[in-house]
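Residues per chain are reported as follows:
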Amino acid sequence: MHLSSSSLTGDNVRNAAGEDLGKVEDFVLDTETGEVSYAVLSFGGFLGLGDKLFAVPLQAMRVDTEEKCLVLDADKEKLKNAPGFDKDHWPKTGDADLHQEIRSYYDV
């Protein structure tokens, strides 16, 4: 299946239990490989983390075409401790440490 990034940006993210986990804000592209490095998710307002964004590898999510959302296999407690960054201070796009950290955190 092929989808445009604009068709997914702004989509809700839920977990398998149907809990709302936020929404897709953006995607980060690796310009050397042409692959999407990770999705940027916001979990606005829960647990006081309204200004924090989270980098999540696409391999950790699946598209639910019926519900028109992305499904992330994580509960809110896992997200509380997930690698993230401030909305005004994004990581460097080639940050290999961040890529390894998020891949490891989400077991992909």
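Look up: the structure comes first, before these words.
The rules behind each value
Residues numbered from 1 in each chain as written. Predicted model: local features only at pLDDT ≥ 70, side-chain atom pairs only at ≥ 80, totals over all residues. Heavy atoms only, no water. Helix = DSSP H or I, 4+ residues; strand = E, 2+ residues; numbered from the N terminus. Buried < 20%, exposed > 50% of the residue type's maximum accessible area, 1.4 Å probe, protein only. Arc of directions from axis to C-beta. Phe/Tyr/Trp six-rings, centres within 6.5 Å; stacked < 30°, edge-to-face > 60°. Polar contact = N/O pair within 3.5 Å; in protein donor to acceptor, adjacent residues only side chain to side chain. Contact = heavy atoms within 4.5 Å. Salt bridge = Lys/Arg side-chain N within 4 Å of Asp/Glu carboxyl O.

**Regarding the environment of Ser6**
Consideration 1: Checked against the element boundaries, Ser6 lands in helix α1 (residues 5-8).
Consideration 2: A relative accessible area of 58% means that Ser6 is categorised as exposed.
Consideration 3: For the pair Ser6 and Asp26, spaced 20 residues apart in sequence, the C-alpha to C-alpha distance is 8.7 Å.

**A word on helix α3 (residues 96-105)**
Consideration 1: Within α3, burial applies to Leu98, His99 and Ile102. End-on view of α3: buried residues confined to an arc of 100°, all on one side of the axis. Looking at α3, the residues exposed on the side facing more than 90 degrees away from the buried face are Ala96, Asp97 and Gln100.
Consideration 2: Remark: Asp107 follows α3 within two positions and exhibits a positive phi of approximately 55°.

**Brief notes about the packing of aromatic side chains**
Consideration 1: This model, assessed by the stated rule, comprises two aromatic pairs.
Consideration 2: Ring geometry for Phe85 versus Trp90: centroids 5.3 Å apart, planes at 55°, classification tilted.
Consideration 3: The class of Phe85 is buried, set by a relative accessible area of 8%.
Consideration 4: Of the residues examined, Trp90 reaches a relative accessible area of 38% and is grouped as partly exposed.
Consideration 5: For the pair Tyr105 and Tyr106, a centre-to-centre distance of 5.2 Å together with 80° between the ring planes defines the contact as edge-to-face.

**Re the side chain of Ser42**
Consideration 1: Assignment of secondary structure puts Ser42 in strand β3 (residues 36-42).
Consideration 2: When its relative accessible area of 10% is taken as the criterion, Ser42 is described as buried.
Consideration 3: Reaching out from Ser42, the side chain makes a polar contact with the side chain of Glu25 at a distance of 2.7 Å.
Consideration 4: Ignoring any residue separated from it by four or fewer positions in sequence, one finds Ser42 in contact with Leu21, Gly22, Lys23, Glu25, Lys52 and Leu53.

**Some remarks on the pattern of salt bridges**
Consideration 1: Across all of its chains, the model carries one salt bridge by this definition.
Consideration 2: Where Lys23 meets Glu25, a salt bridge forms, and the shortest distance between an N and an O atom there is 3.8 Å.
Consideration 3: Glu25 sits in the partly exposed class, given a relative accessible area of 32%.

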